[in-house]
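# Examining the three-dimensional arrangement
The chain contents come next:
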Amino acid sequence: MIRVDSATVAFSQGGGEDRIVLKELSLEVPRGQTVSIIGSNGAGKSTLLNAIAGTVPLVSGSIVVDGRDCTRDPEWARAVYLGRVRQNPLAGTAGDMTILDNLALASRKGRRRLRLAVTPSIARDLAGRVAELGMGLENRLRENVSKLSGGQRQALTLLMAVLSRPSVLLLDEHTAALDPANADLVSALTKRFIAEYGLTALIVTHDMKRALEQAGRVVMMHEGRIVADVAGAEKERMGVPDLVDLFRQARGTDYAEDRDLLS
Amino acid sequence: MIQGILVEGLVYGILALGVFISFRILDFADLSVEGSFPAGAAAAAAIVAAAARAEGGAAWFGAAAPFLAVAAGFAAGGLAGFATSLVHHKLKVPPLLAGIVTMTGFYSINLRVLGGRPNLPLIKHNPLLDGARSWLGASAPPDLALLAAALLAALAVAGILDLFFHTEKGIAMGALGDNEASVIQVGVNPASLRTLGIVLANGLAGLSGALAAAYQGFADVNFGAGVVAAGLASVMLGELAIKSHYIGVQIFRVLFGSILFRGLMYAARSWGYLAGITPNDLRLLTALLIVGAVAVSKYAMKRPKSARRTEAARSAPASGARRGGRP
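Computed from a prediction, not measured in an experiment: that's the story for all the values here.

Thresholds, definitions, all that
Residues numbered from 1 in each chain as written. Chains lettered and ligands numbered in written order. Predicted model: local features only at pLDDT ≥ 70, side-chain atom pairs only at ≥ 80, totals over all residues. Helix = DSSP H or I, 4+ residues; strand = E, 2+ residues; numbered from the N terminus. Buried ≥ 20, exposed ≤ 12 C-beta atoms within 10 Å, placed from the backbone. Contact = placed C-beta atoms within 7 Å. Rg over C-alpha atoms; globule rule 2.2 N^0.38 Å. Nonpolar A, V, L, I, M, F, W, Y, C, P; charged D, E, K, R; others polar. Axes fitted to C-alpha atoms, helices over the stretch in contact; angles between N-to-C directions. Parallel < 35°, antiparallel > 145°, perpendicular 65-115°, else oblique. Left-handed = near helix turned anticlockwise from the far one by under 90°. Pairing = 2+ DSSP bridges. Core = buried A, V, L, I, M, F, W, Y, C linked by C-beta atoms within 7 Å. pLDDT = per-residue confidence, 0-100.

The subject of this paragraph is the overall build of chain B. Broken down by element type, chain B carries twelve helices and two strands. Put simply, chain B runs from its N terminus to its C terminus through helices and strands in the order α-α-α-α-β-α-α-α-α-α-β-α-α-α. Taken over 327 residues, chain B has a buried fraction of 49%. Pairs at least 24 residues apart make up 79% of the contacts formed inside chain B by residues separated by at least 6 positions.

Now the structure itself:
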């Protein structure tokens, strides 16, 4: 469960007035729910995820995860109970370390101990987990992650993010940098992991079709606010054109980018 | 000659391991080693001198002096590293400048530890060497005893490091220098982990300084001059000689590189005159060695690797990551 309560984020522009990126935004996501977050460029989608993860600080408001107020906690402390995958496949893994070492790193959250990270039984367990990706990586455990393709690396990052069963999974356009085939693959894995582990997830995406498919609830953002929030039967009735209509209504304007959103 | 090169290579190899940790593992360009190495030498020498003065009074002090001296060397070096880390993390001072601050400050601290003198001889009383000899039996030739002691110390340090970099903490430290975000992602405070690494690296430099003082027979406040470059040259020579992405091999090849480096320096000192090289030119030689090692690894070694990469990209165009483009 996560509750964002009138969160405001502002970026200083040097000298002049601060640019307000999130405007007293509130959002509550119950345990086990998946929410797609859509909106145009600059709507504040990524900033919302960054604020939850602790990458950017709140000016005001609060963030509560599973009853724990983490508004003032540093990013690394929140990462203990948050899982996160970013757009850049290089962001979440250590490229010059082996697949096995990366998995071992992610299999436990929080303070590290002075105890062997990879014992034969841990290696066997992790090999089983990575086999679930269906990419044959279980046979390449001793290879460096930098040798993987973007799709493989992002799938591995996703596995690393869910391995410790986080309270909330944050996915920030995690398929946007992949080619269509790999994007479909990683999306399917995402859906499977969320269902299998019963995760609570926030997924930022540009792809309206995927936004509808992958989540039971779709939240639309515009200029730092939530302008539409559909779920349940209402969401099930919606197709991409309905979503685009809703988008236009909520925003009150219309411009060329809508065409891209339909693709 | 061979024995001298090996002992020097192993003793300074521990310093090179420290440089390897900060420059290669942590990606932290740490110059404080130039302060922590002599700090270790000074601390060890001060303990030995105190033990000599206390002789008769407290027998246990004399017996424990070798261990105390080595431990003090590690602690003094670690303290210098902690100072650098504190300046870097708390005041957001870049690594290079933080290291220079420590190195500068420790020059004066080292002078104080040495009792206000720039130099403290251990000729009359050298418990580290005496201890090494007595363990191996009085009958062993002194040169061999020295080599065995150096080998034991260097291999023990390398073995412990190899083990450490297979622990949860060690793996996280490896990932920290590679991609800090991946370490934050798993709930580790990067600042405290980096502090541990810098303390460890400088502690090893201090330990190496303590052993170097025992080997040279004196501690000198100017011991630190040029040790970063020497350590880097050792690390790079090892990397040129042995290719591997296994941490264990990477650690032991630092010792190998250090022996190689000392061998080259010995050759330059002994036969350099044939090419007009004097001992004054050794620093220039070290600098050229580093530049040469970088050039070789950049132009000679990387080429086949990048060729492979383009080939792979050609054969599987769909699997490459396309960044920045949005559908």
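This brings us to the overall build of chain A. Each helix and strand in chain A was counted, giving ten helices and ten strands. At 19 Å, chain A has a C-alpha radius of gyration in line with the 18 Å of a compact globule built from 263 residues. Its C-alpha atoms give chain A principal-axis dimensions of about 60 × 40 × 35 Å. If you take every contact in chain A between residues at least 6 apart in sequence, the share linking residues at least 24 apart comes to 68%.

On the chain A side, the residues contacting the 28 residues of chain B number 40 residues. Breaking the side of chain B that touches chain A down by element, the ones donating at least two residues are helix 7 (168-178) and helix 8 (180-184) of chain B. Looking at which element gives the most residues to the side of chain B that touches chain A, the answer is helix 7 of chain B, with seven residues. Here the side of chain B that touches chain A is built from residues that sort into eleven nonpolar, eleven polar and six charged.

Residues and elements named next belong to chain B. Taken N-terminus to C-terminus, the directions of helix 1 (residues 2-25) and helix 11 (residues 247-271) make an angle of 130 degrees; their axes are 7 Å apart at the nearest point. With respect to helix 11, the element helix 1 is oriented oblique. By crossing handedness, the relation of helix 1 to helix 11 is classed as right-handed. Together, Ile5, Leu6, Glu8, Gly9, Leu10, Tyr12, Gly13, Ala16, Leu17 and Phe20 of helix 1 and Ile251, Val254, Leu255, Gly257, Ser258, Ile259, Arg262, Gly263 and Tyr266 of helix 11 make up the contact between the two elements.

A word on the sheet that holds strand 9 (residues 217-222) of chain A. All names here are of chain A. Judged by pairing direction, the sheet is mixed, and its six strands sit side by side in the order 6-7-8-3-9-10 without closing on themselves. Looking along the sheet, the strands with just one partner apiece sit at the ends: strand 6 (82-85) and strand 10 (225-231). Adjacent strand axes in the sheet meet at a mean angle of 20 degrees, parallel and antiparallel pairs treated alike. Sheet topology places strand 7 (residues 168-172) next to strand 8 (residues 200-204); five bridges connect them, and they run parallel. By the bridge assignment for strand 8, Asp172 is matched with Val204. Contacting strand 6 and strand 7, helix 5 (residues 150-162) runs over the sheet at an angle of about 175 degrees to strand 6. Where helix 9 (residues 240-251) meets the sheet, it contacts strand 9 and strand 10, and its direction lies at approximately 35 degrees from that of strand 9.

Residue placement: B:Ala191 occurs in helix 9 (residues 190-216). By C-beta crowding, B:Ala191 is classed as partly exposed, having 14 other C-beta atoms within 10 Å.

Glancing now at the nonpolar core. By size, the foremost hydrophobic cluster in this structure holds 178 residues, and its most contacted members are B:Ile14, B:Leu17, B:Ala41, B:Ala43, B:Ala44, B:Ala45 and B:Ala210. Top contributing element to this core by residue count: helix 9 of chain B, with 15 residues.

Reading predicted coordinates in detail is not appropriate for stretches of low pLDDT. Residues and elements named next belong to chain B. Across chain B, pLDDT averages 86, with 87% of residues at or above 70. Here residues 303-327 is modelled with pLDDT under 50, and outside its nearest four sequence neighbours on either side it reaches 20 contacts, counting other chains as well. Here the predicted complex carries an ipTM of 0.87, next to a pTM of 0.87.

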